[in-house]
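If you want the building blocks of each chain, they are given just below.
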Amino acid sequence: MKYLSSLLATTGLVVFFFILSGCNQSGQQSGALSSDVASQVYVPPGQYDEFYAIVSGGFSGQLSVYGLPSGRLFRVIPVFSVDPEKGYGFNEETKPMLNTSHGFVPWDDAHHPELSQTNGETDGRWVFINGNNTPRVARVSLKTFETEDIIELPNSGGNHSSPFTTENTEYVVAGTRFSVPIPQKDVEIASYAENFKGALSFIKVDPETGHMSIAFQVLMPGFDYDLAHAGKNNSHGWMFFTSYNTEEQNSLLEVNASQNDKDFIAAINWKKAEEYLAQGKFKELPTSYVHNYWDEEKQMAVSETINSVKVLDPSECPDMVYFLPTPKSPHGCDVDPTGEYIVGAGKLSTDLTVHSFTKMLKAIDEKNFDGDRYGIPVLNYDATVAGVVKEGGLGPLHTEFDGKGYAYTSFFISSEVTKWKIGTWEVVDRIPTYYSIGHLMIPGGDTKKPDGKYLVALNKITKDRFLPTGPELCQSAQLIDISGDKMKLLLDFPTVGEPHYAQGIAASKVVPNSKQFYKLSENKHPYMTPSEKDGRVERKGNEVHVYMTCIRSHFAPDNIEGIKVGDKVYFHVTNLEQDFDVPHGFAVLGAQNAELLIMPGQTETLLWEPKNEGVIPFYCTDFCSALHQEMQGYVRVSARNANTALRWWTGANPEM
Amino acid sequence: MKSIALKFILFALVMAAFSACGSDSNAGAPASKPKPKSMLADEPDPMNDKGIGPVTEVKLDPEVDQELAAKGKEIYEKMCTACHKPEEKFIGPPQKGVLERRTPEWVMNMILNPEQMVKEDPIAKKLLMEYNGSPMANQNLTEEEARAVLEYFRTL
């Protein structure tokens, strides 16, 4: 018994120490499953994350907004694809946003979000993103987290090397992935080398309104332009684009475009281009493309068609474009925070090629050329290269920077991130990713001032990482701590669609500007209903306009008679609330589009075309108050030739 | 037998250790202590209840400021009539004679700070239930606008 009690005492003591150490882990020596890792990503209920991560939705055509380090999803922003949840592309106000020269296009493949910058730092105003398939660039407001501007790109194939911004968002670029005949025409595909060109568009961004316009295009040889990044500090004024298929092949590119030992990074001196533009050395090419923008006052998208674009031909504009030979079909084109180094990731190799901006200028100065392509000087490879990162891994794709002298490169084939030192080019650390990483992102990691605390790996394949959901599995992001010498995996989280690139920004740069509601007094929507007493129904032939209001928890009018089969009924619903977080929804039975989701102070319009006689209910879809379930109404639909009087009311029934 | 007992004790101790850690990590979360109160017992004389919010004192001139009241009427019609009618019960109560039932401070706080009022002010809490839980919407009026609306109520 004595023995037992002493044993118990000892055991108790051991367990006690175990408790202490269990509760107070130092966090240095632990692996991925220990509780200190959990605490690094744990954001307690009710508290904010430190960063926003704005992640592309790939073939969903959307952008999603997460918090870091928690990986919590806050919002999916519809950009290039319709979104019935928010009525985007279904209500009359946003339909014009998806207009193109091909008509209404309800989908795209969105790859690269890029934040607006001021002095080379993210400024929290806007995020841009490219539409790859029907070439477009969109601008999303970080006040409202809504799409405000979409511009189509003429003379372009897939808009892939896009939309990378210059230091003060002077330009957002859009380089074509697929070269095409310019202008488009019916020619033999085999006439590629003769007829095909690659357009690199420079989109001007109005610093006040954010409105985009195409300033000029540089007409390049018919290569595939892959990715881009702008110069910084001394290299401000230059834009760098990677290219592949310098073989100018049009079939079985997987083999045929992998022949040349070196392709090019195209260095475009856009300040020089501006000089040529001012001198009138451009051609005005007739074309047709669409620019759509959100009219803030009228609260609706406006679509306009533009019929010409200014183009610059490098062979006629000396000193504007140079080629930097870069091995093995370079993909990522990343410029370090100082602006001195341009990193080309030869995706078919194991190495990274780092060019020096200073050496590039020297080579240009000394005319140290290796011939030219279509009149564009090709710089001597040895003259521009600062260093090569050897054996980083297999299939290098993209590089971001931590602002502390290190770079981080994703390797697709070997599924890993490699950390290397700028200047010595030595690999200092590596960490596996699960699986097949594409892009990677450090908040501010492509700007002059990275926040080098976290890195997010954006993975194409998840296989066994999450519960299976049939044949289609989620893609994922992985959060990696890069604050110490060794990278440390903290968290996996699934993403909406395929995450290509992402951007991160300190929450403190965005939160203070976040819009809470729209002021009714500023609502200049042509079908706005300022108060309940202004609610009414107007008929113009077979077009019926319902001026309706909503507030917790009723619509006005909520009873309508005199609608006829064959009418086009426009419900213009104004949300009279003037408070944070009180949207109302509106849905009517048989509507062939979607619901409305109306923010406080806004007006939205749903088109409804009743097919049959009857009394049809409508209701609020967004739970708004304890009496939300009472927020409903009826529309009486009569036969085409009926003479039911047009009447409407709320509350007491009218005199019968 | 002894070893089974020991294992059991160890197990219990380890469990205790886990739960100790568990409660530790919850220590940061604020403990909410609901205070059950009798609504009636707490209810003050309405003419002494100034409500909860930014307005602590309103001095009413014996003379109604007609210009201010007209401005208040305009604001009331634009921002309030979706739920209120001056002289009859609608979604919310009527405003006619409200200053015989409530203090001017209470009225302005109800306009400017309705979320907290319906949670914490005993009269507002009771009104919320009387009107079927229909919330008093915060229409984000400025203090000047709410003051104008109050002046309009004096003319009803």
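Residues numbered from 1 in each chain as written. Chains lettered and ligands numbered in written order. Predicted model: local features only at pLDDT ≥ 70, side-chain atom pairs only at ≥ 80, totals over all residues.

### A closer look at the overall build of chain B
Working step 1: Each helix and strand counted, chain B has eight helices and zero strands in total.
Working step 2: Here chain B, with 156 residues, has 28% of them falling under the buried criterion.
Working step 3: By sequence separation, contacts in chain B at least 24 residues apart represent 80% of the contacts at least 6 residues apart. (Helix = DSSP H or I, 4+ residues; strand = E, 2+ residues; numbered from the N terminus. Buried ≥ 20, exposed ≤ 12 C-beta atoms within 10 Å, placed from the backbone. Contact = placed C-beta atoms within 7 Å.)

### Examining the overall build of chain A
Working step 1: Helices and strands together make up the secondary structure of chain A, namely seven helices and 46 strands.
Working step 2: Whereas a compact globule of 656 residues would reach a radius of gyration of roughly 26 Å, chain A reaches 29 Å, a difference of no more than 12%.
Working step 3: Its C-alpha atoms put chain A at 100 × 90 × 45 Å along the principal axes.
Working step 4: Burial status across chain A gives 50% buried among its 656 residues. (Rg over C-alpha atoms; globule rule 2.2 N^0.38 Å.)

### Looking at unusual backbone geometry
A negative phi angle is the norm for most residues apart from glycine, just as the trans form is the norm for most peptide bonds.
All names here are of chain A.
Working step 1: The residue after isoleucine 182, namely proline 183, is reached through a cis peptide bond having omega -10 degrees.
Working step 2: Its location among the elements puts proline 183 in the loop between strand E12 (180-181) and helix H3 (192-195).
Working step 3: The omega angle of the peptide bond from tyrosine 434 to tyrosine 435 is -10 degrees, so this bond is cis rather than trans.
Working step 4: By secondary structure assignment, the location of tyrosine 435 is in the loop between strand E30 (427-432) and strand E31 (437-441).
Working step 5: The backbone phi angle of tryptophan 425 is positive, close to 65 degrees, even though this residue is not glycine.
Working step 6: As for its position among the elements, tryptophan 425 is in the loop between strand E29 (416-421) and E30.
Working step 7: Positive phi values are uncommon outside glycine, yet serine 436 reaches one of about 55 degrees.

### Some details on the domain arrangement of chain A
Working step 1: On domain assignment, one finds that chain A holds domain 1 (56-513) and domain 2 (520-649).
Working step 2: The gap between the C-alpha centroids of domain 1 of chain A and domain 2 of chain A is 43 Å. (Domains from an automatic or database assignment.)

### A short note on the sheet that holds E30 of chain A
Residues and elements named next belong to chain A.
Working step 1: With respect to topology, four strands assemble into an open sheet ordered E27-E28-E29-E30, the strand pairing being antiparallel. Of all strands in the sheet, those with a lone pairing partner are strand E27 (396-401) and E30, marking the two edges. For this sheet, the mean inter-axis angle between neighbouring strands, taken without regard to orientation, is 20 degrees.
Working step 2: With five bridges connecting them, E29 and E30 associate as antiparallel partners. (Pairing = 2+ DSSP bridges. Axes fitted to C-alpha atoms, helices over the stretch in contact; angles between N-to-C directions.)

### Quick word on the confidence of the model for chain A
A low pLDDT means the predicted coordinates there should not be read in detail.
Working step 1: For chain A, per-residue confidence averages 94 on the pLDDT scale, and 94% of positions sit at 70 or higher.
Working step 2: Here residues 7-31 of chain A scores under 50 on pLDDT; set against residues more than four positions off or in separate chains, the count is 20 contacts. (pLDDT = per-residue confidence, 0-100.)

### Observations concerning the packing of helix H5 (residues 104-112) of chain B against helix H8 (residues 143-154) of chain B
All names here are of chain B.
Working step 1: Relative to each other, H5 and H8 sit at 130 degrees, their axes nearing to 10 Å. Considering the angle they form, H5 stands oblique to H8. Considering how the two elements wind past one another, H5 and H8 form a crossing that is right-handed. Listed contacts from H8 to Pro104, Val107, Met108, Ile111 and Leu112 of H5 are Glu143, Ala146, Arg147, Val149, Leu150 and Phe153. (Parallel < 35°, antiparallel > 145°, perpendicular 65-115°, else oblique. Left-handed = near helix turned anticlockwise from the far one by under 90°.)

### Observations concerning helix H5 (residues 270-278) of chain A
Residue and element names in this part refer to chain A.
Working step 1: Along H5, the residues classified as buried are Trp270, Ala273 and Tyr276. Taken down its axis, H5 places every buried residue within 105 degrees of arc, on the same side. Along H5, the residues that are exposed and aim more than 90 degrees away from the buried face are Lys271 and Ala278.
Working step 2: Against strand E11 (171-176), strand E13 (196-205), strand E14 (212-221), strand E16 (238-244), strand E17 (262-269) and strand E19 (300-312) lie the buried residues of H5.
Working step 3: Looking one or two places after H5, you find glycine 280, whose phi comes out positive at around 80 degrees. (Arc of directions from axis to C-beta.)

### Things to note about the pairing of E11 of chain A
The side chains of a regular strand alternate, residue by residue, between the two faces of the sheet.
Residue and element names in this part refer to chain A.
Working step 1: Counting buried positions over the six residues of E11 gives six, a clear majority of the element.
Working step 2: Here E11 shows a buried face lined by Tyr171, Val173 and Gly175 and a second buried face lined by Val172, Ala174 and Thr176.
Working step 3: Here strand E10 (residues 159-161) pairs with E11 via two bridges, running antiparallel. Residue pairing for E11: serine 161 is matched across the bridge by glycine 175.
Working step 4: Strand direction decides the pairing type here: E11 and E13, joined by five bridges, are antiparallel.

### Some words on the sheet that holds E31 of chain A
Residue and element names in this part refer to chain A.
Working step 1: One open sheet accounts for four strands, arranged E31-E32-E33-E34; its pairing is antiparallel. Of all strands in the sheet, those with a lone pairing partner are E31 and strand E34 (488-495), marking the two edges. Averaged over all pairs of adjacent strands, the angle between their axes in this sheet comes to 25 degrees, without regard to strand direction.
Working step 2: Inspection of the sheet shows strand E32 (residues 454-459) paired to strand E33 (residues 475-481) by six bridges, in the antiparallel sense. For valine 456, the partnering residue across the bridge sits in E33 and is leucine 479.

### Brief notes about H8 of chain B
All names here are of chain B.
Working step 1: Taking 1.5 Å as the rise per residue, H8 with twelve residues should run 16 Å; its terminal C-alpha atoms sit 17 Å apart, in good agreement.
Working step 2: For H8, the full list of buried residues reads Ala146, Arg147, Ala148, Val149, Leu150, Glu151, Tyr152 and Phe153.
Working step 3: The inward-facing, buried residues of H8 abut helix H3 (66-79), helix H4 (98-101) and H5. (Expected span 1.5 Å × (residues − 1).)

### Let's talk about the environment of lysine 262 of chain A
All names here are of chain A.
Working step 1: Relative to the assigned elements, lysine 262 resides in strand E17.
Working step 2: The class of lysine 262 is partly exposed, set by 19 C-beta atoms lying within 10 Å.
Working step 3: With 16 residues separating them in the primary sequence, lysine 262 and threonine 246 have C-alpha atoms 8.7 Å apart.
Working step 4: Other than its neighbours up to four places away in sequence, lysine 262 contacts Pro325, Thr326, Pro327 and Tyr381.

### A short note on the packing of H3 of chain B against H8 of chain B
Residue and element names in this part refer to chain B.
Working step 1: The contact between H3 and H8 brings their axes to 7 Å, and the two run at 105 degrees. As judged from the angle between their axes, H3 and H8 are roughly perpendicular. Side by side, H3 and H8 meet where Leu68, Ala69, Lys71, Gly72, Lys73, Ile75 and Tyr76 of the first sit next to Glu145, Ala148, Val149, Leu150, Glu151, Tyr152 and Arg154 of the second.
Working step 2: Grouping the amino acids of the contact of H3 with H8 by side-chain chemistry returns eight nonpolar, one polar and five charged. (Nonpolar A, V, L, I, M, F, W, Y, C, P; charged D, E, K, R; others polar.)

### Quick notes on the pairing of strand E28 (residues 406-411) of chain A
All names here are of chain A.
Working step 1: Along E28, five of the six residues are buried, which leaves the element largely enclosed by surrounding structure.
Working step 2: Bridge count between E27 and E28: four bridges; the pairing is antiparallel. Bridge assignment links proline 396 to a residue of E28, and that residue is phenylalanine 411.
Working step 3: Counted along the chain from E27 to the antiparallel partner E28, the turn is four residues long, and its residue glycine 403 has a positive phi close to 75 degrees.
Working step 4: Pairing between E28 and E29: six bridges, direction antiparallel. Residue pairing across strands places alanine 407 opposite tryptophan 420, the latter belonging to E29.
Working step 5: As consecutive antiparallel partners, E28 and E29 are separated by four residues, and within that stretch serine 415 has a phi angle of approximately 50 degrees, a positive value.

### Things to note about the environment of alanine 148 of chain B
All names here are of chain B.
Working step 1: Position of alanine 148 among the secondary structure elements: in helix H8.
Working step 2: Of the residues examined, alanine 148 has 22 C-beta atoms within 10 Å and is grouped as buried.
Working step 3: Separated by 53 residues in sequence, alanine 148 and glutamine 95 have C-alpha atoms that sit 14 Å apart.
Working step 4: Once residues lying within four places of it in the same chain are set aside, the contact partners of alanine 148 are Leu68, Lys71, Gly72 and Ile75.

### Looking at the nonpolar core
Residues and elements named next belong to chain A.
Working step 1: Residues Ile203, Phe240, Phe241, Ala267, Ile268, Leu455 and Val456 are the most contacted members of the largest nonpolar core, which totals 128 residues.
Working step 2: In contact with phenylalanine 240, not counting residues within four places along its chain, are Ala228, His229, Ile265, Ala267, Cys333, Val335 and Ile342.
Working step 3: Counting residues in hydrophobic clusters, the runner-up holds 60 residues, among them Ala556, Val582, Leu596 and Trp608. (Core = buried A, V, L, I, M, F, W, Y, C linked by C-beta atoms within 7 Å.)

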